[in-house]
Amino acid sequence: MAGRPELILASASPRRLALLNQIGIEPEHLVPAHVDETPEKGELPRKLAQRLADLKAITAQHKASMAGFGSNSLVLAADTVVAVGRRILPKAETMEEASDCLRLLSGRAHRVYTGMTLITPSGARRHRLVETRIRFKRLSAREMEAYLTSAEWRDKAGGYAIQGIAGAFVVKLTGSYSGVVGLPLHEVTQLLAGEGYPVHFNWLNQSSLSGV
């Protein structure tokens, strides 16, 4: 295991860290990358997700370098965008924004795009873009009011968190559930394994860890 690359997760999201932990991966470093997430004029949702993932990875790599670490690291970044057609929904910061999102999503289909960028120790960039289609039930006024009161929507793309209460709104999902949460695990595993990161190491030790 000597000399293997370390992993930098370019995020402060507890959801993304929990997803990595779920598959036995514990990043050596967490380097949040706060970037301007404003869409460019005419930018399509899938382009925005990939551009922001790129920007986050580059920003985190620079921050790590300035802090004196990361020379032999893989830098993983992701961004999730919720869209209805070409319309990009915001990360809801106010109850009004969240209410607008819920009204738009109620009873119809939308798409969630999660872009990922992995920067290798040599500086190469690997990309993945995962698209998931979701249909919400038609929400009653009472359901909307109760969900807005929960405040679970705060700072969530599209004004909802599928891993929480809003999971009850989902009639159909085609694609990656973990991608909607924030990090598509199948694609993450492929990316990391392709660059020599020991994604299966903890799997091999799982039996001893669980006492089996």
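Here is a short report on the structure shown in this document. (Residues numbered from 1 in each chain as written. Predicted model: local features only at pLDDT ≥ 70, side-chain atom pairs only at ≥ 80, totals over all residues. Heavy atoms only, no water.)

**Here we look at the overall build of the protein**
Alright, step 1. For the protein, the count of helices and strands is eight helices and seven strands.
Alright, step 2. Computed over its C-alpha atoms, the radius of gyration of the protein comes to 18 Å, within 12% of the 17 Å expected for a compact globule of 212 residues.
Alright, step 3. With respect to the three principal axes, the spread of C-alpha positions in the protein is 60 × 50 × 25 Å.
Alright, step 4. In the protein, which comprises 212 residues, the share counted as buried stands at 44%.
Alright, step 5. Across the protein, the fraction of contacts at a sequence separation of at least 24, relative to all contacts at a separation of at least 6, is 68%.
Alright, step 6. Total accessible area computed for the protein in this model is approximately 10900 Å², and 52% of it derives from carbon and sulfur atoms.
Alright, step 7. Taken together, the 26 basic and 20 acidic charged side chains of the protein have centroids lying 7 Å from each other. (Helix = DSSP H or I, 4+ residues; strand = E, 2+ residues; numbered from the N terminus. Rg over C-alpha atoms; globule rule 2.2 N^0.38 Å. Buried < 20%, exposed > 50% of the residue type's maximum accessible area, 1.4 Å probe, protein only. Contact = heavy atoms within 4.5 Å. Areas by Shrake-Rupley, 256 points an atom, 1.4 Å probe, with all protein chains shown as cover. Lys, Arg positive; Asp, Glu negative; His and termini not counted. Charge placed at Lys NZ, Arg CZ, Asp CG, Glu CD.)

**Points about the layout of surface pockets**
Alright, step 1. In this structure, the largest pocket occupies an estimated 610 Å³ of space.
Alright, step 2. Taken together, 32 residues form the lining of the largest pocket, with Arg15, Arg16, Glu37, Lys91 and Asp155 sitting closest to its centre.
Alright, step 3. For the lining of the largest pocket, the secondary structure elements donating two or more residues are helix H1 (14–22), strand S3 (73–84) and helix H5 (177–181).
Alright, step 4. Classifying every residue of the lining of the largest pocket gives 16 nonpolar, six polar and ten charged. (1 Å grid on protein atoms, 1.4 Å probe; cavity = no way out; pocket = protein on both sides within 12 Å on 5 of 7 lines; lining within 4 Å. Points joined across faces, edges and corners; volume = space filled by probe spheres on them. Nonpolar A, V, L, I, M, F, W, Y, C, P; charged D, E, K, R; others polar.)

**Considerations on the packing of aromatic side chains**
For any pair of aromatic rings, the description rests on two quantities: the centre-to-centre distance and the angle between the ring planes.
Alright, step 1. Counting across every chain of the model gives three aromatic pairs.
Alright, step 2. Judged by centre distance (4.9 Å) and plane angle (65 degrees), the rings of Phe136 and Tyr160 are edge-to-face. You can see Phe136 sitting in strand S6 (residues 125–136) and its partner Tyr160 sitting in the loop between helix H4 (141–150) and strand S7 (170–174), a full 24 residues away along the chain.
Alright, step 3. Here Phe136 falls in the buried class, since its relative accessible area comes to 2%.
Alright, step 4. Between Phe136 and Phe169, the aromatic rings sit 5.8 Å apart at their centres with planes inclined by 70 degrees, giving edge-to-face as the arrangement. Of this pair, Phe136 sits in strand S6 while Phe169 is found in the loop between H4 and S7, placing the two residues 33 residues apart along the sequence.
Alright, step 5. Joined through ring pairs, the aromatic side chains of Phe136, Tyr147, Tyr160 and Phe169 make up one cluster. (Phe/Tyr/Trp six-rings, centres within 6.5 Å; stacked < 30°, edge-to-face > 60°.)

**Observations regarding the environment of Thr174**
Alright, step 1. With respect to the element layout, Thr174 can be found in strand S7.
Alright, step 2. Note: C-alpha distance between Thr174 and Arg133 (41 residues apart in sequence) is 5.1 Å.
Alright, step 3. Beyond its immediate chain neighbours, meaning those up to four positions away, Thr174 contacts Glu131, Thr132 and Arg133.

**Let's talk about unusual backbone geometry**
Alright, step 1. Even without a glycine there, the phi angle at Ala151 is positive, about 65 degrees.
Alright, step 2. Following the sequence through the fold, Ala151 ends up in the loop between H4 and S7.
Alright, step 3. The backbone phi angle of Asp155 is positive, close to 65 degrees, even though this residue is not glycine.
Alright, step 4. Relative to the helices and strands, Asp155 resides in the loop between H4 and S7.
Alright, step 5. Residue Asp155 is classed as partly exposed on the basis of its relative accessible area, which comes to 46%.

**A few points about the side chain of Gln50**
Alright, step 1. When you line up the elements, Gln50 lands in helix H2 (residues 45–66).
Alright, step 2. Here Gln50 falls in the buried class, since its relative accessible area comes to 17%.
Alright, step 3. Excluding anything up to four places from it in sequence, Gln50 contacts Gly115, Met116, Thr117, His127, Arg128 and Leu129.

**As for the pattern of salt bridges**
Alright, step 1. All chains considered together, the criterion is met by 13 salt bridges.
Alright, step 2. Measuring nitrogen to oxygen at the nearest pair gives 3.7 Å for the salt bridge that ties Glu40 to Arg51. Of this pair, Glu40 sits in the loop between strand S2 (29–30) and H2 while Arg51 sits in helix H2; the two residues are eleven residues apart in sequence, bridging distant segments of the chain.
Alright, step 3. Taking the relative accessible area as the measure of exposure, Arg51 reaches 23% and is therefore partly exposed.
Alright, step 4. Between Arg133 and Glu131 there is a salt bridge, with the nearest N and O atoms lying 3.6 Å from each other.
Alright, step 5. Beyond isolated ion pairs, a larger network of salt bridges with shared partners links Glu37, Lys56, Asp79 and Lys91. (Salt bridge = Lys/Arg side-chain N within 4 Å of Asp/Glu carboxyl O.)

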